[in-house]
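Each chain, letter by letter, is given below.
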Amino acid sequence: MSDFTYKNGQLHAEDISLLEIAKRHNTPCYIYSKKAIQTKYTEFDLAFTSNQHLICYAVKANSNISILNILAKMGSGFDIVSSGELFRVLKAGGSPDKVVFSGVGKRLDEMKFALEQNIKCFNVESKSELLKLNEIAESMKVSAPVSLRVNPDVDAKTHPYIATGLKENKFGISFELAKDIFKQAAKMSNINLIGIDCHIGSQISELSPFQDALQKLLDLIDELTKIGIQLRHVDIGGGLGITYKDEVLPTPSQYVNAITNTANGHDLEIIIEPGRSIVGNAGILLTKVEYLNETPFKNFAVVDTAMNDLIRPSLYNGWHEIKRVTQDSDAKEKTYDIVGPICETGDFVGKNRTLPLTEGDLLAIFSTGAYGFSMSSNYNSRPRAAEILVDDNQVYEIRERETQEDLINGELL
Ligand code: LLP
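Here is a short report on the structure shown in this document. (Residues numbered from 1 in each chain as written. Predicted model: local features only at pLDDT ≥ 70, side-chain atom pairs only at ≥ 80, totals over all residues. Heavy atoms only, no water.)

Taken together, 18 residues are adjacent to the ligand, and Ser202, Glu273, Arg312, Tyr316 and Tyr371 come closest. Gly275 is positioned with one of its backbone polar atoms (N or O) 2.9 Å from an oxygen atom of the ligand. In the environment of the ligand, an oxygen atom lies 2.6 Å from a nitrogen or oxygen atom belonging to the side chain of Arg312. (Near = heavy atom within 4 Å. Polar contact = N/O pair within 3.5 Å; in protein donor to acceptor, adjacent residues only side chain to side chain.)

Under the definition given, this model contains 7 aromatic pairs. Plain terms: the ring middles of Phe44 and Tyr255 are 5.9 Å apart, the flat faces sit at 85° to each other, and that makes the pair edge-to-face. Here Phe44 is found in helix H2 (residues 34-47), whereas its partner Tyr255 is found in helix H9 (residues 252-263), with 211 residues between them in sequence. Aromatic rings pair up to connect Tyr30, Tyr32 and Phe373 into one cluster. Sitting above the plane of the Phe175 ring, Lys216 keeps its charged end 5.2 Å from the centroid. (Phe/Tyr/Trp six-rings, centres within 6.5 Å; stacked < 30°, edge-to-face > 60°. Helix = DSSP H or I, 4+ residues; strand = E, 2+ residues; numbered from the N terminus. Lys NZ or Arg CZ within 6 Å of the ring centre and 35° of its normal.)

Quick look at the nonpolar core now. Within the largest apolar cluster, 94 residues are counted, with the highest numbers of intra-cluster contacts made by Phe122, Val146 and Phe182. Per-element accounting of this core gives the leading share, 8 residues, to helix H8 (residues 208-226). Once residues within four sequence positions are removed from consideration, Phe122 is found in contact with Phe101, Lys106, Met111, Ala114, Leu115, Leu133, Ala144, Pro145, Val146 and Ser147. Ile21, Leu286, Ala386 and Val395 belong to the second largest nonpolar core, which has 19 residues in total. (Core = buried A, V, L, I, M, F, W, Y, C linked by side-chain atoms within 4.5 Å. Buried < 20%, exposed > 50% of the residue type's maximum accessible area, 1.4 Å probe, protein only. Contact = heavy atoms within 4.5 Å.)

Here we come to the environment of Ser329. Its location among the elements puts Ser329 in the loop between strand S16 (322-324) and strand S17 (333-339). Judged by relative accessible area, Ser329 falls into the partly exposed class, the value being 26%. Along the chain, Ser329 and His266 lie 63 residues apart, while their C-alpha atoms are 58 Å from each other. Apart from residues lying up to four places away in sequence, Ser329 is in contact with Arg324, Pro356 and Thr358. There is a polar contact of 2.9 Å between the side chain of Ser329 and the backbone nitrogen of Ala331.

So, about the sheet that holds strand S1 (residues 4-7). Strands belonging to one sheet form pairs held by backbone hydrogen bonds; the direction of such a pair is parallel or antiparallel. Strand order across the open sheet formed by 3 strands is S1-S2-S3, with antiparallel pairing between neighbours. Of all the strands in the sheet, just S1 and strand S3 (16-17) have a single pairing partner and so form its edges. (Pairing = 2+ DSSP bridges.)

Another point: helix H4 (residues 83-91). For H4, the set of buried residues is Ser83, Glu85, Leu86 and Val89. With its buried residues spanning 155° around the axis, H4 presents them on a single face. Lining the buried residues of H4 we find helix H3 (65-73), strand S6 (77-80), strand S7 (99-101) and helix H5 (108-116). Where H4 terminates, the next one or two residues include Gly93, which has phi positive at roughly 90°. (Arc of directions from axis to C-beta.)

The next thing to look at is the side chain of Thr305. Inspection of the secondary structure puts Thr305 in the loop between strand S15 (299-303) and helix H11 (312-316). Among all residues touching Thr305, those that are not within four sequence positions of it are Pro28, Leu285, Thr287, Gly340, Pro341, Val349, Ile365 and Arg382.

Let us now look at the environment of Ala137. Tracing the backbone through its elements, the reader meets Ala137 in helix H6 (residues 127-139). The class of Ala137 is buried, set by a relative accessible area of 0%. Separated by 54 residues in sequence, Ala137 and Ile191 have C-alpha atoms that sit 7.8 Å apart. For Ala137, the residues in contact, after removing those within four places along its chain, are Leu115, Val142, Ala144 and Asn190.

Of note, the bond from Thr27 into Pro28 is cis; its omega dihedral lies within 30 degrees of zero at -5°. If you trace the backbone, Pro28 turns up in the loop between helix H1 (18-25) and strand S4 (29-33). If you check the backbone angles, Ser381 has positive phi at about 50° while not being a glycine. Checked against the element boundaries, Ser381 lands in the loop between strand S19 (362-365) and strand S20 (386-391).

Tracing the sequence through the fold places Asn64 in the loop between strand S5 (53-58) and H3. In this structure, the C-alpha to C-alpha distance between Asn64 and Ile398, residues 334 residues apart in sequence, is 7.6 Å. What Asn64 contacts, discounting residues up to four positions off in sequence, is Arg88, Glu387, Ile398 and Arg399. Within the local environment of Asn64, its side chain forms a polar contact with the side chain of Glu387, the two groups lying 2.9 Å apart.

Geometric descriptors of this kind do not, in isolation, establish any biological role.
Structure (C-alpha cells):
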C-alpha cells in the first residue's frame, strides 16, 4: 500500500494529491500509479536468472489499454481469456507472439481470430476443445501452437470461488487423463504441441502449492519425454496473492525463486501469468461520502461508489483498507458500515470501519487495481467510473467517466 502515501496530511498517488484529482476528475474514480506497476513487473522479471522465461500478465485483472501499454513496453506478454482481451492487447501495442490464450470455453470465432493473429499458444482445457481447434486450424491450413492445461489437484488454500486447481473444479484436463490426451494431441495433424500449463487459483499466500503443482507438471513432462513428446515450456499460471490488510505474503522474487528452484535441471521456458500481484496494490478507488446515516443500531456512511464499481467485498467478502484522503478531521471517530447507493443489502465496500467522518469527505479504497474496474458493471444504471493514471507529477485520464448516453448505447426502442 506504500505507493499511495500521505504528504502534508493529504493522500498522494506518486506526486499528485488525490484531492486535486477529485477536483479535476470528480468521484468515483480509479487511480493507478504507473511506477507501482512497473516496479512489480520488474521485480518478477529480474528474479528470473535465465532468459528462458515469459511473464504473461493476466489481462482480466485490469484490462485498460493504457495499463496494458505500460506492460507491453516493458516486454510483457499477456494471458488472455477472450478475443475481446486479445483485441485490447493488440490495441495496446502488445505482441501476439507473447500471448497465451486460456479459458474453458473458447468459441470458434475466438480461436480463428487468435490463429489469424499468430498468438504464442492456446492453453487448451479439454479434449473437445483440442479436437475443435485442430479442425479449425486444418480449415485455415495452419498449425495451432498448443499447451494442455492440466488440473494438478492441488489445494491452493484460498477462497473457494477463486480456487481452480482441485479436481472438482471445472478447469483443465484431469491429471489422470492428461498423458493419454497428450499422446492423442501429438498425433493430430494441425496441432503443434509445445507446452503444459496449470493455474491453481488466486490470492494464494503460500509458495508450497505452486511448487507442488509445478512438480506434478515436471513429472508428467519427464514421462512425456520418455515416450518421445518433447515440450518447450511449462506455464504455472498466476495466483500470487497481495497484502490487503496485514497479511505477510511471499514477494514476487521469492515466488520466482521457488519456481525456478523447483524447475532446476529442466531445459524449459518458464511462463507465469500474474495479474493481481502486478496491479492490485497499484490502484485505489476514490470516493466521496454523500451521507452519514446514524441509527440507534448502526452507523452508515453512504458513499458515491458501489458494488457496481467494486464487487469484491460483496462477492468474496474481500477486505479493502479504507482511509481518509485528508488525514486530519474535526469529526469524532465512529464505527461505520461504508455502503453504496445500490438497492441491495450486499452493497458495501467495508464493514465496521472506525473513522472520523463528515459528509463530503473523500475516502480511498485500497488495493483495488486488480479485479476492480475490470469486474465493474452498470447495475442500477450507474455510469462506470473514470480511470486515472498517475506518472510522477503527470495525471492522465485513461478512461472517461461514462455518461448517461453511454448507458443506453446500442439499445433500441
Ligand atoms: N491465469 C489464469 C488462467 C487465470 O484464470 C487467472 C485468474 C490468472 C492467470 C491471474 O491470477 P492472479 O495472478 O490475478 O491471481 N476476481 C477474483 C480473482 C479471479 C481470478 C481468476 N483467474 C478476485 O477479485 O479475487
